[in-house]
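Architecture and fold: a report
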Amino acid sequence: MNHLIVDLDPSSTKHKILVTSIELFSRKGYSAVSVREITKAVGVKESSLYNHFKSKEDILQMIYDVFQTQHSKALPDVSLLPMIVKKQSVEQFLKAGVQNFKDSVQVDLHEKMWRIVSIEQFRDQRARDIVVNQIYGKTIEFLEAAFKAFMAENKIKEQDARQLAIEYQYPVFTMMMEFMLLRYDNKDTAEVEQKMLRHVAFFLHYLEC
């Protein structure tokens, strides 16, 4: 799937440059890919790239922007939590979160953008900010709000909601990375998917009223 959710015509040169850059950066890392390599893969002259992007760095910034936009859609809006927790059990909620992650990274280009952010986090402050503030920070904040909402509905016992979010989600982050690494090597992910579900089941014991 090579269509990105951006305000670009999928048949446009700009979109092709962006998609090609994602493919190359995700395999080689940003620093190892030249403008010439990108334009050769797209089938345009180098000068054509600069009609659409100021620089290779500008392409990377757009990748970060697109990734953040798409990643933010993996979590429901916090304002919807009261309605969600009324309709779902905690088990259904946590399993839906695991499934949403698996669905998102199995979208080809989104998975590749995950890899780019993972590679670049040690080189680029912007990538570190995405990992720390959005992937980790916003997920923990969302889960904290969700656990508070479940407590308000008396579906789980009163506890420190933020600590619950941390205790639940950090093992999930690790398993998510294992899932993506296995997919990168075209290996079976069934075992780590079962680990995620067993983690949900194990954690539910801490949440019971």
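Notes on the side chain of Ser-26
- Along the chain, Ser-26 falls in helix H1 (residues 13-28).
- Not counting residues up to four positions away in its chain, the partners in contact with Ser-26 are Lys-112, Arg-115, Ile-116 and Ile-119.

A closer look at the packing of helix H6 (residues 90-105) against helix H7 (residues 108-120)
- H7 packs onto H6 with a crossing angle of 95° between their chain directions and a minimal axis gap of 6 Å. Here H6 is positioned roughly perpendicular relative to H7, judged by the angle of their axes. Taking contact as the criterion, the partners of Phe-101, Ser-104 and Val-105 in H6 are, on H7, His-110, Glu-111 and Trp-114.
- Of the residues in the contact of H6 with H7, the class split is three nonpolar, two polar and one charged.

A word on the environment of Ala-146
- Mapping Ala-146 onto the fold places it in helix H8 (residues 125-152).
- With 101 residues separating them in the primary sequence, Ala-146 and Lys-45 have C-alpha atoms 50 Å apart.

With respect to the pattern of salt bridges
- Tallied over the entire structure, the rule returns 15 salt bridges.
- Between Arg-36 and Glu-46 there is a salt bridge, and its shortest N-O distance comes to 3.2 Å. Of the two residues, Arg-36 sits in helix H2 (residues 35-42) while Glu-46 sits in helix H3 (residues 46-49), which places them ten residues apart along the sequence.
- A relative accessible area of 58% means that Arg-36 is categorised as exposed.
- Several salt bridges share partner residues, and in doing so they unite Glu-57, Glu-120, Arg-123, Asp-124 and Arg-126 into one network.

Observations regarding helix H10 (residues 190-207)
- Taking 1.5 Å of rise per residue, the 18 residues of H10 would be expected to cover 26 Å, and the 26 Å separating its terminal C-alpha atoms lies within 8% of that figure.
- Listing the buried residues of H10 in full gives Val-192, Met-196, His-199, Val-200, Phe-203, Leu-204 and Leu-207. Seen end-on, H10 carries its buried residues on one side only, within an arc spanning 140°. Summarising the geometry of H10, the exposed residues directed more than 90 degrees from the buried face are Glu-191, Phe-202 and His-205.

Reading the values: the criteria
- Position numbers for residues count from 1 along each chain, tracking the sequence in the order it is written.
- The model is predicted, so local features are restricted to residues of pLDDT at least 70 and side-chain atom pairs to those at 80 or more, both for listing and for counting; the totals for chains, interfaces and linings are taken over all residues.
- Heavy atoms from the whole structure form the basis of all side-chain values; hydrogens and water molecules are not counted.
- Each helix is a run of H or I in the DSSP string that is no shorter than four residues. Each strand is a run of E no shorter than two, and both are numbered from the N terminus.
- Whether two residues are in contact is decided by their heavy atoms, any of which lying within 4.5 Å being enough.
- Lines fitted to C-alpha atoms define the axes here, with helix axes fitted over just the stretch in contact, and angles between the N-to-C directions of these axes take values from 0 to 180 degrees.
- Angular relationships are summarised with four words: roughly parallel below 35 degrees, roughly antiparallel beyond 145, roughly perpendicular across 65 to 115, and oblique for the angles in between.
- Classes in brief: Ala, Val, Leu, Ile, Met, Phe, Trp, Tyr, Cys and Pro nonpolar; Asp, Glu, Lys and Arg charged; the others, Gly included, polar.
- Every case where a carboxyl oxygen of Asp or Glu lies within 4 Å of a side-chain nitrogen of Lys or Arg is listed as a salt bridge.
- Note on exposure labels: buried denotes an accessible area under 20% of the residue type's maximum, exposed denotes more than 50%, and partly exposed covers the range between, all computed with a 1.4 Å probe on protein chains only.
- Expected helix span is computed as 1.5 Å times (number of residues minus one).
- The arc in question is the one spanned by the directions pointing from the helix axis to the C-beta atoms.

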